[in-house]
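The residues making up each chain are set out below.
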Amino acid sequence: MVIKRNEPCYVLGVGMTKFIKPRGKVDYTELGFEAGIKAMLDAQINYDDVDQGVACYCYGDSTCGQRVFYQFGMTQIPIYNVNNNCSTGSTGLALARNIISHGGADCIMVVGFEKMMPGSLQSFWNDRSNPTGTSGQMMAETRGVTNAPGAAQMFGNAGREYMEKYGAKAEDFAEIARINHEHSQRNPYSQFKDVYTLEQIQQSPMIHEPLTKLQCCPTSDGGAAAVLVSQDFLDARPHLKEQAILIAGQCMATDAPSLFSKSAIDLMGFEMTKYAAATALKEAGVTPNDVKVCELHDCFSANEMIVIDALGLSPPGKAHELVRNGDITYGGKVVINPSGGLISKGHPLGASGIAQCAELVWHLRGWANNRLIKDTTVALQHNLGLGGAVVVTVYKRADGKENNEISSAEVGKKNKLGYNPAVEAKGFTEKQATSVRSKTRASAYALQDTEKKVQARF
């Protein structure tokens, strides 16, 4: 079923922080503030233009969103706090898009942020049932349990099943990681930028076969934000239409009964991804063959393998052949994760989905000139959370044209910032931050010293 929407919705502005190792040095208030200010500067709006706010995070007390948004202004708008595991950021985008498309708002800012703990993911609520407990139980009954981190076992088992059923080999998964690490060196926001050979990927410490350490995403601190607007809002600013990116199709879905089919692949939400992809592509009026660039949820190389299949980017059971043929990187059929993906860019849960959006927006605008996939008309995003939820989004340019490379000097003129945020991670001045904070309802007390802390990092 395709939901009937009456109004188009566009991404007008994006912004993000560098993704960094979680060492407790930067608070979520700073991460959210930096990302939000950058997104508003990019959209060339003021916070007084924002009708509603959506805050996306997994780790933190209730109303962290208000704590972040009040730094922009205390304008009494609705602020929603969203937590949907690793799909939290794109869940926020889907929420905002649905509100705008049904006439509920003209401008919504979505801000994702995460301050994480070092090491593998943890649960902090041990006095109640774990929401993924039934999935863990199914894994134990079908594949057993090891001492490896739980998520690595689940996704690694899906990789093993793909090998058993379709003939993929361990080096195919390693190649996925090699490509993502290679891509990340051109992303100024990436947590890691080291490039590895296939042998180095394979020889890194084994976590859960076939997954070695360099095939697993790290935990990260980071923030990302997007400004979504209606057709009326964009029409009132015709000079910004060439940077506006249309959300042409989108579907947020949850699990089907096949989750518990005893298949390790199904246990990772294969059916919900397949359904969401088909629904979003249908709404956008495109097919997987139209997609030239894709940001997908590669929390582990094994998940990228099965998601390539579920999205329809390869024939069923043939994702590993796409990898072997060089068809998931530059010069191939589709460039997957030009940002470096979660494996190398990093994975601050609440920000990841919005960072994927930012990357694709920069490509469709032609701003990502150091890693551009030229002549692109359709970009695809996939963001998944166990438990479970998935959001698949199809983006197109508002003018319907192909992207063309734009020089960084020209970008700096267009955005009035003097630099290209797609290829250079910079901060902002106090004057720039003040220009987008509320003109009438700003509070210095709510801001505290956040702005000074952010500026001190640049």
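The protein is annotated in an unreviewed UniProt entry as propanoyl-CoA C-acyltransferase of Amylocarpus encephaloides. What UniProt records for the protein under Subcellular location (unreviewed entry) is the sentence "Peroxisome".

Q: I tried to follow the UniProt feature "domain: Thiolase C-terminal" (unreviewed entry) in the protein on my own but got confused; where do I start?
A: In this structure's numbering, the residues bearing the UniProt feature "domain: Thiolase C-terminal" (unreviewed entry) are residues 265–387. In residues 265–387, the share of helix is 43% and the share of strand is 10%. The end C-alpha atoms are 14 Å apart.

Q: Hey, could you run me through unusual backbone geometry in this one?
A: Cis geometry marks the peptide bond from Glu-209 to Pro-210; its omega dihedral reads 10°. Relative to the assigned elements, Pro-210 resides in the loop between β5 (206–208) and β6 (211–212). You will see that Asn-85, though not glycine, has its phi angle at about 55°, which is positive. Assignment of secondary structure puts Asn-85 in the loop between β3 (79–82) and α3 (88–101). With a phi angle near 60°, Asp-375 is a residue other than glycine that sits in the positive phi range.

Q: Sorry, what's going on with the pairing of strand β8 (residues 245–253) here?
A: Along a regular strand, successive side chains alternate from one face of the sheet to the other. Across the nine residues of β8, seven count as buried, placing the element largely inside the fold. Summarising the sheet, strand β1 (residues 9–16) and β8 pair through two bridges and their orientation is antiparallel. Bridge pairing in β8 places Val-11 opposite Ile-245. Of the pairings in the sheet, the one linking β8 to strand β12 (residues 389–397) comprises eight bridges and is antiparallel in character. Bridge pairing in β12 places Gln-250 opposite Thr-393.

Q: Would you mind showing me how to read the packing of aromatic side chains here?
A: Remark: the centre distance and the inter-plane angle together describe each pair of aromatic rings, the angle taken between the planes. Going through the model one piece at a time under the given rule, you end up with ten aromatic pairs. When the centroid spacing of 6.1 Å and the interplanar angle of 70° are considered together, the rings of Phe-33 and Phe-428 count as edge-to-face. Residue Phe-33 is found in helix α1 (residues 28–43), and its partner Phe-428 is found in the loop between α14 (408–414) and α15 (430–436); the two are separated by 395 residues along the sequence. Phe-428 shares its class with Phe-33; the two are buried. Through a chain of ring-to-ring contacts, three or more aromatic side chains come together here, namely Phe-33, Tyr-47, Phe-69, Phe-72 and Phe-428. The positively charged end of Arg-365 is found above the aromatic ring belonging to Trp-367, 4.4 Å away from the centroid.

Q: For this particular structure, what's the right way to read the sheet that holds β3?
A: Pairing between the strands of a sheet is mediated by backbone hydrogen bonds and can be parallel or antiparallel. Ordered in space as β3-β2-β4-β7-β1-β8-β12-β11-β9-β10, the ten strands form an open sheet in which the pairing is mixed. Each edge of the open sheet is held by one strand with a lone partner, namely β3 and β10 (335–336). Helix-sheet contacts for α3 involve β1, β2 (52–56), β3, β4 (107–114), β7 (222–230), β8, β11 (379–385) and β12, and the interaxial angle to β8 is about 115°.

Definitions and limits used
- Residues numbered from 1 in each chain as written.
- Predicted model: local features only at pLDDT ≥ 70, side-chain atom pairs only at ≥ 80, totals over all residues.
- Heavy atoms only, no water.
- UniProt positions renumbered as here; feature names shortened; annotations may be inferred.
- Helix = DSSP H or I, 4+ residues; strand = E, 2+ residues; numbered from the N terminus.
- Buried < 20%, exposed > 50% of the residue type's maximum accessible area, 1.4 Å probe, protein only.
- Pairing = 2+ DSSP bridges.
- Phe/Tyr/Trp six-rings, centres within 6.5 Å; stacked < 30°, edge-to-face > 60°.
- Lys NZ or Arg CZ within 6 Å of the ring centre and 35° of its normal.
- Contact = heavy atoms within 4.5 Å.
- Axes fitted to C-alpha atoms, helices over the stretch in contact; angles between N-to-C directions.

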